[in-house]
Amino acid sequence: MIRDKFEEAFSPEWVERNITYPAHELVVLRKIIPWEKIVGRLAGFYDKNRGAEGKSLRIMVALLIVSRLRGLSDREVVREVMENRYIQYFCNVADEGLRTFLHPSSLCVFRRRVGEEGIAAVEEEVFGTLRRAGVIRGDDALTDSTVLESDIIYPNDVQLIHKAFRKMRAFAKMHGIPLWWDDRELRRLWREFGLDKKGSREKWLTVFNGMFVPALKIFQEKVGSLRTSGRRKKKAVRMLGILNLLEEQTLLKLAGERHINDRIVSLDDPDARPIKKGKSHPECEFGTKVQMTFDRDGFLITVENFIGNPSDKILYGDTLDLFINRMKKYPDTVVTDLGYRSLKNLQNTPSEIGHVFMGRSDDVAEDKQDFCCGARSATEGFIAVAKNLRGFGRSLWHGLKGHRIWSLLCQTASNLKKFLQLWFADKIEEESMTKLGLA
């Protein structure tokens, strides 16, 4: 069960006594975020009549938003609520039971329950509020892509096999099964590998793979005969599939293959891929591709996540359609780099769009060239801010779904931050302020 209504936790007297700076960023954001609509949409993920009553949706959503606004982990954001009156006010956590209002693990459970669809609902409501108020105008579409790195160590083929043994060891411990390989020998080899700084990686890969192949065969038999809950069985089968793929790729590597399709770089994040974006440093990043579109003010209009590195040329059409659908109108100008340039993309851009700049000045009229070149430079700056200040540098959650949820929350926080930047600079129009209830 869940409460599907937003209830104010603070009296006017409490607010007057504790919230002494009404222009604080969290006080402003608390006023403009459409809590009622968000809570109403998320209530559908719970049964209205069965089960124990869940945690307040208003609190859970606010915690997720403020965690990305401030760059906090689940544990840190819960602690900050207990220590900071403004965060407490933003999250609508009453003084009663403040010290024990939530365990950090509940945030993980909540994200898993509502999933990508629920987090997308949060982002859509925040974005829609800013768009309808005229804060996000979307007159121009600035498009580029980058890599959302996974939270993994630099991949190493021998290390992946050693991690596979750790996974099988955890499986054996969970189900009370004796280890079916010589674990002491494995530990000895791992120590020698760590000390052999100048040794041949191919030689060590052969040695470890020689232990891994027979161990994997027995692991497959044990998974097949496993008697346990459906959830654990499903998890074991999924892990078996990943380890079988690791074996195939290891054999290809030992056979001299240099380019392996869908190469696994992490057993914890099997959707991560090695991606090169033409930069000198780092030459290669490991994670998922993120396609972004901005307007000229720097608001994030669309964010898409992809496994691997699909071509920008292929993604251009669908990304532009998504921009148009979100903004409910055609942009006046589209600005990309040469990576998106193709005759098909130039020809298939809707005629309602006045100007299309794909990396060459002569793509647009002379009086529009300075604007487009400046917008292209601005896009690089927006990407840099997104990666270094808005959380798009590294995702702390695994799998494409985890990266997608991370991106949606970072997009929400990024647009709220951009709104605050314009608000504090007094660049929000009076009409927009009135629609948001700030005038």
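Since the structure is predicted, the reported quantities are computational estimates derived from the model, not experimental observations.

1. Brief notes about the overall build of the protein chain
Here comes step 1: Helix and strand counts for the protein chain stand at 16 helices and 7 strands.
Here comes step 2: Dimensions of the protein chain along its principal axes, counting C-alpha atoms only, are 70 × 65 × 40 Å.
Here comes step 3: Looking at the 439 residues of the protein chain, the share that counts as buried comes to 50%.
Here comes step 4: Considering only contacts in the protein chain between residues 6 or more positions apart, those separated by 24 or more positions represent 68%.
Here comes step 5: Element-wise, carbon and sulfur atoms account for 49% of the exposed surface of the protein chain, whose accessible area totals about 22400 Å².
Here comes step 6: With 72 positive and 61 negative side-chain charges, the protein chain shows a separation of 7 Å between the mean positions of the two kinds.

2. A few points about helix α11 (residues 230–254)
Here comes step 1: An ideal rise of 1.5 Å per residue puts 36 Å on 25 residues; α11 measures up with 36 Å between its terminal C-alpha atoms.
Here comes step 2: Inspection of α11 places A236, M239, L240, I242, L243, L246, E247, Q249 and T250 among the buried residues, and these make up the whole buried set.
Here comes step 3: Tucked into the core, α11 has its buried residues touching α8 (157–174) and α10 (201–224).
Here comes step 4: A positive backbone phi angle near 100° is found at G256, which sits one or two residues after α11.

3. Re the environment of P214
Here comes step 1: Checked against the element boundaries, P214 lands in helix α10.
Here comes step 2: Judged by its relative accessible area of 43%, P214 is partly exposed.
Here comes step 3: Taking the C-alpha atoms as reference points, P214 and W181, separated by 33 residues in sequence, lie 8.6 Å from one another.

4. Observations concerning unusual backbone geometry
Here comes step 1: The phi torsion at K328 lies on the positive side, around 60°, for a residue other than glycine.
Here comes step 2: With a phi close to 60°, D426 is a non-glycine residue in the positive phi region.
Here comes step 3: Relative to the assigned elements, D426 resides in the loop between α15 (399–424) and α16 (430–435).
Here comes step 4: Look at D426 and you get exposed, because its relative accessible area is 69%.

5. Comments concerning the confidence of the model for the protein chain
Here comes step 1: On average, the protein chain scores 92 in pLDDT, and the residues at 70 or more come to 98%.
Here comes step 2: When pLDDT is averaged over each helix and strand of the protein chain, the minimum, 90, is found for strand β2 (residues 273–275) and the maximum, 97, for strand β4 (residues 300–306).

6. Re helix α7 (residues 105–132)
Each α-helix turn comprises 3.6 residues. Residues three or four places apart therefore point the same way.
Here comes step 1: The end-to-end C-alpha separation of α7 is 35 Å, well short of the 40 Å expected for 28 residues at 1.5 Å each.
Here comes step 2: At G115, α7 is deflected by roughly 95°, the largest bend along its length.

7. Some remarks on the pattern of salt bridges
Here comes step 1: Evaluated as defined, the whole model comprises 31 salt bridges.
Here comes step 2: As a salt-bridge pair, D268 and K167 come within 2.5 Å of each other at their nearest N and O atoms. With D268 in the loop between α11 and β2 and K167 in helix α8, this pair connects stretches of sequence that are 101 residues apart.
Here comes step 3: Note that D262 and R273 form a salt bridge whose closest N and O atoms lie 3.7 Å from each other.

8. Focus on the nonpolar core
Here comes step 1: If you look at the biggest cluster of nonpolar residues, it comprises 96 residues, and the most contacted ones within it are I33, F90, F101 and F419.
Here comes step 2: Residue contacts for F90: discarding those within four places in its chain leaves L26, L29, R30, I33, W35, R58, A62, I65 and V66.
Here comes step 3: In terms of nonpolar packing, the next biggest core, distinct from the first, is built from 32 residues, I177, L189, F212 and L240 among them.

9. Some remarks on the pairing of strand β3 (residues 285–294)
Here comes step 1: With 10 of 10 residues buried, β3 lies mostly within the body of the structure.
Here comes step 2: Pairing geometry for strand β1 (residues 140–150) and β3, over 8 bridges, is antiparallel. Bridging across to β3, S145 finds its partner in Q291.
Here comes step 3: Here β2 runs beside β3; their pairing, made up of 3 bridges, is antiparallel. Among the inter-strand pairings, I275 is bridged to a residue of β3, identified as E285.
Here comes step 4: Both β3 and β4 contribute to a ladder of 6 bridges, which runs antiparallel. Residue pairing in the sheet places K289 in a bridge with F306 of β4.
Here comes step 5: Taking the residues that link successive antiparallel strands as the turn, the β3-β4 hairpin has 5 residues, and the phi of G298 there is positive, at about 100°.

10. Describing the packing of aromatic side chains
Here comes step 1: Taken as a whole and judged by the stated rule, the model has 18 aromatic pairs.
Here comes step 2: Judged by centre distance (5.0 Å) and plane angle (85°), the ring pair of W397 and W406 falls under edge-to-face.
Here comes step 3: In this structure W406 comes out as buried when scored by relative accessible area, which is 3%.
Here comes step 4: Members of the aromatic cluster, each reached through a chain of ring pairs, are F165, F171, W180, W181, F212 and F219.
Here comes step 5: Between the NZ or CZ atom of R326 and the centre of the ring of F127, over which it lies, the distance is 4.1 Å.
Here comes step 6: The aromatic ring of F371 is capped on one face by K368, whose charged end is 4.4 Å from the ring centroid.

11. Quick look at a positive patch on the surface
Here comes step 1: On the surface, a cluster of positive charge is made up of R112, R231, R232, K234, K235, R238 and K401.
Here comes step 2: Among the elements that take part in the positive patch, α11 stands out by supplying 5 residues, more than any other.
Here comes step 3: Residue placement: R238 occurs in helix α11.

Rules used in this analysis
- Residues numbered from 1 in each chain as written.
- Predicted model: local features only at pLDDT ≥ 70, side-chain atom pairs only at ≥ 80, totals over all residues.
- Heavy atoms only, no water.
- Helix = DSSP H or I, 4+ residues; strand = E, 2+ residues; numbered from the N terminus.
- Buried < 20%, exposed > 50% of the residue type's maximum accessible area, 1.4 Å probe, protein only.
- Contact = heavy atoms within 4.5 Å.
- Areas by Shrake-Rupley, 256 points an atom, 1.4 Å probe, with all protein chains shown as cover.
- Lys, Arg positive; Asp, Glu negative; His and termini not counted.
- Charge placed at Lys NZ, Arg CZ, Asp CG, Glu CD.
- Expected span 1.5 Å × (residues − 1).
- pLDDT = per-residue confidence, 0-100.
- Bend = angle between axes of the 7 residues up to and from the residue.
- Salt bridge = Lys/Arg side-chain N within 4 Å of Asp/Glu carboxyl O.
- Core = buried A, V, L, I, M, F, W, Y, C linked by side-chain atoms within 4.5 Å.
- Pairing = 2+ DSSP bridges.
- Phe/Tyr/Trp six-rings, centres within 6.5 Å; stacked < 30°, edge-to-face > 60°.
- Lys NZ or Arg CZ within 6 Å of the ring centre and 35° of its normal.
- Patch = residues over 30% accessible without salt bridge, like charges linked within 9 Å, V, L, I, M, F, W, Y side chains within 5 Å.

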